[in-house]
Protein chains: 2
Amino acid sequence: VASFLPKPVQKLIDEFSRLPGIGPKSAQRLAMHLLHSPDTRVREFSDAVSGLKHNVQFCSRCWNIAEGELCRICADSFRDQRQICVVEEILDVVALERTGEYKGTYHVLHGALSPVDGIGPEQLKVYALVERVQGLTLTEGTTETPVELRAAEVQGRGLVEGIEVILATNPGLEGETTALYLLKLLRPFNIKITRIARGLPVGGDLDYADEMTLSRAMQGRGEFF
Amino acid sequence: VASFLPKPVQKLIDEFSRLPGIGPKSAQRLAMHLLHSPDTRVREFSDAVSGLKHNVQFCSRCWNIAEGELCRICADSFRDQRQICVVEEILDVVALERTGEYKGTYHVLHGALSPVDGIGPEQLKVYALVERVQGLTLTEGTTETPVELRAAEVQGRGLVEGIEVILATNPGLEGETTALYLLKLLRPFNIKITRIARGLPVGGDLDYADEMTLSRAMQGRGEFF
């Protein structure tokens, strides 16, 4: 970009360019748009950015965003705390909440396993999930025992009633890997573990679907009422 | 969007959505990206937004952005002040400067004529352009005479040497209309008025070009050396 632009303008263009999905051209257009906007609009925008993290934190239970220690869903006594839907991102919670059907809680991993990008279980909220599940399966006060031992302790008992972990990671390579990893990790707890259905999207066209989706749609076929 | 998102997060999503070319989905992703960014990054961004108009104004001569009264180009004594390239937007100046070939000055209209959108000459920096051209053609101190009279005064004399207005508005309907309008308006000043060439883009494919472009490319053909 030509250096003749005033520094403050160039700086904002650079900042916009650093955001994901915004190329240098879009960054220029956005900066120009704000330059032509009234001062109050620009102030509203900068206030919104600087205020973003004001009173916003991650839920200590599910790692969703929250205004207090717990997010609105975890704090809601009408939500089933024994049903945990595991998702990759906060926006997945937003998407699922939009359906208005799910009445359980969530667990946000903040990513998916991706060895190529150096993302292992430690980079995700996996340990927090194991702890949560364990907390649900163990009602007695043996909270000092390490996780590994407690998992072994639970193992061998019958299926713990009423607890369900729904693995709702994305149906791509990384999401499937993550789901399989979590399945292995949570199996010792003898709880119900499910995976969201993969198949044809509603409104989709069968002959436009890729082979993987079609194959999943066939495998997952159900009785037709 | 689900209302369960904390207010500051929702507010930033709304602000992003108001920017041109950013849909609700992108706005969500951008807000989430900043939410996951370190506080210093978020502060850098909000500072860049709030500082955008700091010491930034429009050049009093050409309406480009400037840090002082004149923009860097108008203030540059090596640039030919008698050559004025008329463009629609500041970003057009950036694009032309990137070629590094043009040594004259610019005039930014801040838009193009569009009766449908209610944009007439009064909404653009047209009058400022006429005044500039007139200032160049008249060297004597008759600065008190109204524009219309002075245009008439100049009319009838021979072509004023060395002055050129290059109409570099976009080659679309609105840009062409604007160029034609300016041509009519500036003709009485007896100066050289040119229009940027329209033709096939370099690297373009002849059989992919639209009819208008092809027709322009044929009309504008030049001797081949």
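Above this text you will find the structure in question.
(A) Structural view of the pattern of salt bridges. One pass over the full model with this rule turns up 20 salt bridges over all chains. Here Arg195(A) makes a salt bridge to Glu176(A), at a shortest N to O gap of 3.3 Å. Of the two residues, Arg195(A) sits in strand 6 (residues 192-195) while Glu176(A) sits in helix 8 (residues 173-186), which places them 19 residues apart along the sequence. Overall, the relative accessible area of 16% leaves Glu176(A) in the buried class. Notably, a salt bridge pairs Glu15(B) with Lys11(B), separated by 3.5 Å at the nearest N-O pair. On the criterion of helical spacing, the pair formed by Glu15(B) and Lys11(B) is a turn pair, its members being four residues apart in helix 1 (residues 7-17).

(B) Unusual backbone geometry, seen in detail. All names here are of chain B. One non-glycine residue, Asn55, lies in the positive phi region at around 60°. Relative to the assigned elements, Asn55 resides in the loop between helix 3 (39-50) and strand 1 (57-58). Looking at Asn55, the relative accessible area reads 52%, which means it is exposed. In this model, His110 sits at a positive phi of 60°, which is unusual for a non-glycine residue. Its place among the elements puts His110 in the loop between strand 4 (104-108) and helix 5 (126-137). Overall, His110 belongs to the buried group, its relative accessible area being 17%.

(C) Highlighting the relation of the copies chain A and chain B. Overlaying chain A on chain B yields an RMSD of 0.1 Å, the required transformation being a rotation through 179° with an accompanying axial translation of 0.0 Å. Given the turn and translation reported, the copies of this chain are related as if by a two-fold rotation axis. Nearest to the rotation axis, the C-alpha of Ser46(A) is located 2.4 Å from it, this being the minimum over chain A. In this assembly, 100% of the residues forming the interface of chain A have copies in chain B that are likewise at the interface, indicating an isologous arrangement.

(D) The interface of chain A and chain B, seen in detail. Listed by partner, the interface residues are 57 residues for chain A and 57 residues for chain B. Overall, the association of chain A and chain B removes approximately 5300 Å² of surface from exposure, summing both partners, and the carbon and sulfur fraction of that is 72%. Three residues, Phe4(A), Leu52(A) and Lys53(A), lead the burial of chain A against chain B; their summed loss comes to 14% of the area buried on that side. Connecting chain A to chain B are six salt bridges. Across the pair Glu15(B) and Arg41(A) runs a salt bridge, and its minimum N-O distance is 2.8 Å. Put simply, the parts of the chain that give the side of chain A that touches chain B at least two residues each are helix 1 (7-17), helix 2 (24-35), helix 3 (39-50), strand 2 (65-66), helix 4 (72-75) and helix 5 (90-99) of chain A. With nine residues, the single largest contributor to the side of chain A that touches chain B is helix 3 of chain A.

(E) Molecular detail of helix 8 of chain A. All names here are of chain A. For helix 8, spanning 14 residues, the distance from its first C-alpha to its last is 20 Å, which sits close to the expected 20 Å at 1.5 Å a residue. Turning to helix 8, its buried residues number three or more, namely Gly175, Glu176, Thr178, Ala179, Leu182 and Leu186. Summarising the axial view, the buried residues of helix 8 lie within an arc of 160°, below the 170-degree limit, and thus occupy one face. Along helix 8, the residues that are exposed and aim more than 90 degrees away from the buried face are Leu173, Leu180 and Lys184. Residues of helix 8 that are buried sit in contact with strand 3 (80-87), helix 6 (126-137), strand 5 (164-167), strand 6 and helix 9 (211-219).

(F) Region of the structure containing the sheet that holds strand 3 (residues 80-87) of chain B. Residues and elements named next belong to chain B. Taking strand neighbours across the sheet as the criterion, the four strands line up as 4-3-5-6 in an open arrangement whose pairing is parallel. Edge positions in the sheet fall to strand 4 and strand 6 (192-195), since each has one partner strand and no second. On average, each strand axis in the sheet is tilted by 25° relative to the strand beside it, whichever way the strands run. The strands that helix 5 touches are strand 3, strand 4 and strand 5 (164-167); relative to strand 3, the one it contacts most, it runs at about 160°.

(G) Region of the structure containing the nonpolar core. By size, the foremost hydrophobic cluster in this structure holds 76 residues, and its most contacted members are Phe16(A), Phe45(A), Phe16(B) and Phe45(B). Excluding residues that lie within four positions of it along the chain, Phe16(B) makes contacts with Phe16(A), Leu19(A), Phe45(A), Ile22(B), Ala27(B), Leu30(B), Ala31(B), Leu34(B) and Phe45(B). Ranked by size, the runner-up nonpolar core spans 18 residues in total, among them Ile84(A), Leu109(A), Val126(A) and Val130(A).

(H) Representation of the packing of helix 5 of chain A against helix 2 (residues 24-36) of chain B in the model. Where helix 5 of chain A contacts helix 2 of chain B, the axes come no closer than 10 Å and their chain directions differ by 140°. Of the possible angle classes, the one that applies to helix 5 of chain A and helix 2 of chain B is oblique. Within the contact between the two elements, helix 5 of chain A uses Ile90(A), Leu91(A), Val94(A) and Arg98(A) and helix 2 of chain B uses Gln28(B), Arg29(B), Met32(B), Leu35(B) and His36(B). Looking at side-chain class alone, the contact of helix 5 of chain A with helix 2 of chain B contains five nonpolar, two polar and two charged residues.

(I) Examining the side chain of Arg132(B) more closely. All names here are of chain B. Locating Arg132 in the fold gives a position in helix 5. The buried charged residue Arg132 lacks any salt bridge partner; its closest oppositely charged side chain belongs to Asp80, at an N-O distance of 9.3 Å. Reaching out from Arg132, the side chain makes a polar contact with the side chain of His107 at a distance of 3.2 Å. Sequence-distant contacts of Arg132, defined by excluding residues within four places in its chain, comprise Arg61, Cys62, Ile84, Thr105, Tyr106 and His107.

(J) Structural view of the sheet that holds strand 3 of chain A. Residues and elements named next belong to chain A. Spatial strand order, 4-3-5-6: four strands in an open sheet with parallel pairing. Only two strands of the sheet have a single partner each, and these edge strands are strand 4 (104-108) and strand 6. Going across the sheet, the axis of each strand differs from the next one's by a mean of 25°, ignoring polarity. Alignment of strand 5 against strand 6, held across four bridges, turns out to be parallel. Residue pairing across strands places Leu167 opposite Arg195, the latter belonging to strand 6.

(K) Molecular detail of the state of the cysteines. All names here are of chain B. All chains considered together, the criterion is met by zero disulfides over all chains. Counting only cysteine sulfurs, Cys71 is the nearest neighbor of Cys62, a cysteine outside any disulfide, at a range of 3.7 Å. For Cys62, a relative accessible area of 1% gives the class buried. Judged by relative accessible area, which is 1%, Cys71 ranks as buried.

Cut-offs applied
- Residues numbered from 1 in each chain as written.
- Chains lettered and ligands numbered in written order.
- Predicted model: local features only at pLDDT ≥ 70, side-chain atom pairs only at ≥ 80, totals over all residues.
- Heavy atoms only, no water.
- Salt bridge = Lys/Arg side-chain N within 4 Å of Asp/Glu carboxyl O.
- Helix = DSSP H or I, 4+ residues; strand = E, 2+ residues; numbered from the N terminus.
- Buried < 20%, exposed > 50% of the residue type's maximum accessible area, 1.4 Å probe, protein only.
- Least-squares fit on C-alpha atoms with pLDDT ≥ 70 in both.
- Contact = heavy atoms within 4.5 Å.
- Buried area = accessible area lost by both parts, 1.4 Å probe.
- Expected span 1.5 Å × (residues − 1).
- Arc of directions from axis to C-beta.
- Pairing = 2+ DSSP bridges.
- Axes fitted to C-alpha atoms, helices over the stretch in contact; angles between N-to-C directions.
- Core = buried A, V, L, I, M, F, W, Y, C linked by side-chain atoms within 4.5 Å.
- Parallel < 35°, antiparallel > 145°, perpendicular 65-115°, else oblique.
- Nonpolar A, V, L, I, M, F, W, Y, C, P; charged D, E, K, R; others polar.
- Lys, Arg positive; Asp, Glu negative; His and termini not counted.
- Polar contact = N/O pair within 3.5 Å; in protein donor to acceptor, adjacent residues only side chain to side chain.
- Disulfide = S-S within 2.5 Å.

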